[in-house]
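# Breakdown of the fold
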Amino acid sequence: MIIDVHGHYTTAPAALGAWRDRQIAGLADPALAPRASELVISDDDIRESIETNQLRLMRQRGSDLTIFSPRASFMAHHIGDFQTSATWAAICNELCFRVAQLFPEHFIPAAMLPQSPGVDPATCLPELVKCVEQYGAVAINLNPDPSGGHWNSPPLTDRHWYPIYEKMVEYDIPAMVHVSTSCNACFHTTGAHYINADTTAVMQLIQGDLFTDFPTLRFVIPHGGGAAPYHWGRYRGLAQEMKKPLLKDHLLKNVFFDTCVYHQPGIDLLTRVMPVENVLFASEMIGAVRGIDPETGFHYDDTRRYIEASTLTPEQKHLVYEGNARRVFPRLDAALRAKGL
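An account of the accompanying structure is given in this report.

## Notes on the packing of helix H1 (residues 14-28) against helix H5 (residues 82-102)
As a packed pair, H1 and H5 sit with axes 11 Å apart at the nearest point and diverge in direction by 175°. The orientation of H1 with respect to H5, classified from their angle, is roughly antiparallel. Judged by residue contacts, Leu-16, Trp-19, Arg-20, Gln-23 and Leu-27 of H1 engage Thr-84, Thr-87, Trp-88, Ile-91 and Leu-95 from H5. Classifying every residue of the contact of H1 with H5 gives six nonpolar, three polar and one charged.

This is how it looks when you write it as structure tokens:
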């Protein structure tokens, strides 16, 4: 199988965005605030949004299954308060669950959390529990910066985050470390804020000793790990100066990187620098970069082409495409085994 570990519902029916606009307007004028029940999206609406977009491209590009979560830029945890995020997360997670119900051979859900700046992460646990136990979610997306670009939350290694980590360990699920929209004009959302966050997460994990407390905790750092693979010598050297263990022991038993890197040299570097056991196939399709590369004539986010053109052996490609995902996402593996796959 070719398993894409990084997909978002970026093509949700327009009614979802319209409801969100009303929710945001209601923050200034409560009379404008909609009820969740006022959002009506039919199964046919969902089918059309998926069949003409993600599923069409999956079939064209030859991927089989996508771990599917709400649109990352729509999470926008900095908007409103916890109740705002809780209502919005519940709506978005239910939609991804419905996608997985309608297309069970091609999609399996991952959950966004109802995070809010300055709010105890323990408030996210009821939604996390619901998504795992009722929706069959195999992972969560964890935003290390709910402020949207101002970075006023503690580092990921701080005990502030431990309630979420404890539940992750209990359920044996990984988290993709994924920020949302930047509300800081200095940081373009997908070109800077996302990559900054990926890089920042890697460095925070190097600085701390989180995996001493949680030896089975697993994180996926998206977008190829940000700048980390490109500057791996820098991070190895910094860890050495901090008297940390070698990064293969300190980090790489628990941290993994996806292939949302949109050119061949980037994938080649990622797969040369990082052990193949730490690389997971992903495209983030349909996501931040949707155009066609004039140098190749193919879409930038057609990441399978890069893996096929790499120097990886067939055995290594199997790990990237399927083996690593089944190991890092045990609930995904269990769901596949239940289907005889």
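The discussion continues.
## Description of the packing of helix H2 (residues 43-51) against helix H3 (residues 54-61)
Two packed helices can be described by the angle between their axes and the distance between those axes. Their axes nearest at 4 Å, the elements H2 and H3 cross at an angle of 35°. Where H2 abuts H3, its residues Ser-49, Ile-50 and Glu-51 lie against Gln-54, Leu-55 and Arg-56. For the contact of H2 with H3, the residue count by class is two nonpolar, two polar and two charged.

## Re the environment of Glu-241
Inspection of the secondary structure puts Glu-241 in helix H10 (residues 232-241). By relative accessible area, which is 63% here, Glu-241 ends up exposed. Along the sequence, Glu-241 and Lys-253 sit twelve residues apart, while their C-alpha atoms lie 21 Å from each other.

## Quick word on the state of the cysteines
The full count for this structure, using the stated rule, is zero disulfides. Cysteine Cys-186 shares no disulfide, and the gap to the nearest cysteine sulfur, in Cys-183, comes to 11 Å. The class of Cys-186 is exposed, set by a relative accessible area of 66%. Residue Cys-260 stays outside any disulfide, its sulfur separated by 16 Å from that of Cys-96, the closest cysteine. Overall, Cys-260 belongs to the buried group, its relative accessible area being 6%.

## Focus: the pairing of strand S1 (residues 3-9)
Most of S1 sits inside the fold, with seven of its seven residues counted as buried. Direction of pairing for S1 relative to strand S2 (residues 65-70): parallel, over a ladder of five bridges. Paired with Tyr-9 across the strands is Pro-70, a residue of S2.

## Points about the side chain of Arg-61
Within the secondary structure, Arg-61 sits in helix H3. The exposure class assigned to Arg-61 is buried, which follows from its relative accessible area of 14%. Those residues within four positions of Arg-61 in sequence are excluded, and the remaining contacts are Met-285, His-299, Asp-301, Asp-302 and Arg-304.

## A word on the nonpolar core
Within the largest apolar cluster, 55 residues are counted, with the highest numbers of intra-cluster contacts made by Ile-140, Leu-142, Tyr-165, Met-168, Leu-210, Phe-219 and Trp-232. Sequence-distant contacts of Trp-232, that is, excluding residues within four places in its chain, are made with Val-202, Leu-247, Leu-251, Leu-252, Val-273 and Met-274. Within the second largest apolar cluster, 29 residues are counted, among which are Tyr-9, Leu-16, Tyr-194 and Ala-197.

What counts and what doesn't
Residue positions are given per chain, counting from 1 as you read along its sequence in written order. Totals for whole chains, interfaces and linings use every residue, but because this is a predicted model, local features are given only for residues with pLDDT of at least 70 and side-chain atom pairs only at 80 or more, for both listing and counting. Derived side-chain values reflect all non-hydrogen atoms in the structure, with water molecules and hydrogen atoms excluded from consideration. What counts as an axis is a line fitted to C-alpha atoms, over the stretch in contact for a helix, and the angles between N-to-C directions run from 0 to 180 degrees. Put simply, DSSP marks the helices as runs of H or I at least four residues long and the strands as runs of E at least two long, and each gets a number from the N terminus on. Put simply, angles under 35 degrees are roughly parallel, angles over 145 are roughly antiparallel, angles from 65 to 115 are roughly perpendicular, and the rest are oblique. We call two residues in contact when some of their heavy atoms are within 4.5 Å. Three residue categories are used. Nonpolar comprises Ala, Val, Leu, Ile, Met, Phe, Trp, Tyr, Cys and Pro, charged comprises Asp, Glu, Lys and Arg, and polar comprises the others, including Gly. Three exposure classes are used, based on accessible area relative to the maximum for each residue type with a 1.4 Å probe and protein chains only: buried under 20%, partly exposed in between, and exposed over 50%. Only a pair of cysteine sulfur atoms within 2.5 Å counts as a disulfide in this structure description. DSSP calls a pair of strands paired once it identifies at least 2 bridges connecting them. In plain words, nonpolar cores are sets of buried Ala, Val, Leu, Ile, Met, Phe, Trp, Tyr and Cys residues tied together by side-chain atoms within 4.5 Å.

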